[in-house]
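# Coordinates in review
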Amino acid sequence: MNIDVRLTDKSEAYLIKNLYPLYLYDLSGHYGRMPNVHGIYEESDDFRTIIEQYEVQNIWWEKSKVLFPYIILVDGVPAGFLLLATPPHCNKGIDYFVNEFFLIQSLRGKGIAERAANIVFDQFKGNWELFTNPSEKNIVAQKFWRKAISNYTNGVYTEVKKETFDGYKLVFRFNNADMIL
């Protein structure tokens, strides 16, 4: 399998936007969420269509110096995405924040997600942070991040459960500035 991870521009925003409802559906299983009254996976009933939901995502292509929307392609087909934020969209002391990460279910467990994350990690040096749901329903993602980050950093990272701006999360942090790759 050929894995390609590349930054998207506005002309390719639709690729990530098309995958985004699948990501939100996946999250619904971890959080026990139902769609809103309009059938859209959002916390608010303000969103009536996927098109309206798409508009909120435009910020990823409007702030190209601080927000980085990556598409993950497998054999040339869109299979996932990684949305990377930098200050001021990070916690203090953090240079890079993995805001969203998704790979379609049929490709999970094949090393693709870890390879995709590593490709992005290698492009930016500094203090990294990412969150995931700490509940038992999300044990697969927790194990994935624990393994992927441990492999990438040779076990030099921190992991803590704590309250974040997005609720109670399992928080991973590492620094790759001095790593020899």
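In what follows, the accompanying structure is described. Everything quoted here is computed from the prediction, not taken from an experiment.

Turning our eyes to something else, we now look at the sheet that holds strand S5 (residues 127-132). Pairing is mixed in the open sheet, where seven strands are placed in the order S1-S2-S3-S4-S5-S7-S6. Looking at the sheet topology across the chains shown, the edges are occupied by strand S1 (3-7) and strand S6 (158-164). Between one strand axis and the next, the sheet turns by 30 degrees as a mean value, whatever way the strands run. Relative to strand S4 (residues 96-103), strand S3 (residues 77-85) is paired through six bridges, and the arrangement is antiparallel. Bridging across to S4, leucine 83 finds its partner in glutamate 100. Contacts from helix H5 (residues 139-153) reach S4, S5, S6 and strand S7 (167-175), with the element oriented near 15 degrees to S7.

Before going further, it helps to examine the nonpolar core. The biggest cluster of nonpolar side chains holds 29 residues, and the ones touching the most others in it are Leu84 and Trp128. Put simply, the parts of the chain that give this core at least two residues each are strand S2 (67-74), S3, S4, helix H4 (112-123), S5, H5 and S7. In terms of residues, this core owes the most to one element, H4, which gives seven residues. Residues contacting tryptophan 128, with those up to four places away along its chain left out, are Leu84, Ile94, Tyr96, Val98, Val120, Phe121, Phe172, Arg173, Phe174 and Asn176. By size, the runner-up hydrophobic cluster in this structure holds 23 residues, among which are Ala13, Tyr20, Trp61 and Leu83.

That bond from proline 87 to proline 88 is cis: its omega, 10 degrees, falls within 30 degrees of zero. By secondary structure assignment, the location of proline 88 is in the loop between S3 and S4. A positive phi is found at aspartate 75, a non-glycine position, where the angle reads about 50 degrees. Counting through the fold element by element, aspartate 75 comes out in the loop between S2 and S3. In this structure, asparagine 154 takes a positive phi of about 55 degrees despite not being glycine. Here asparagine 154 is to be found in the loop between H5 and S6.

The rules behind each value
- Residues numbered from 1 in each chain as written.
- Predicted model: local features only at pLDDT ≥ 70, side-chain atom pairs only at ≥ 80, totals over all residues.
- Heavy atoms only, no water.
- Pairing = 2+ DSSP bridges.
- Helix = DSSP H or I, 4+ residues; strand = E, 2+ residues; numbered from the N terminus.
- Axes fitted to C-alpha atoms, helices over the stretch in contact; angles between N-to-C directions.
- Contact = heavy atoms within 4.5 Å.
- Core = buried A, V, L, I, M, F, W, Y, C linked by side-chain atoms within 4.5 Å.
- Buried < 20%, exposed > 50% of the residue type's maximum accessible area, 1.4 Å probe, protein only.

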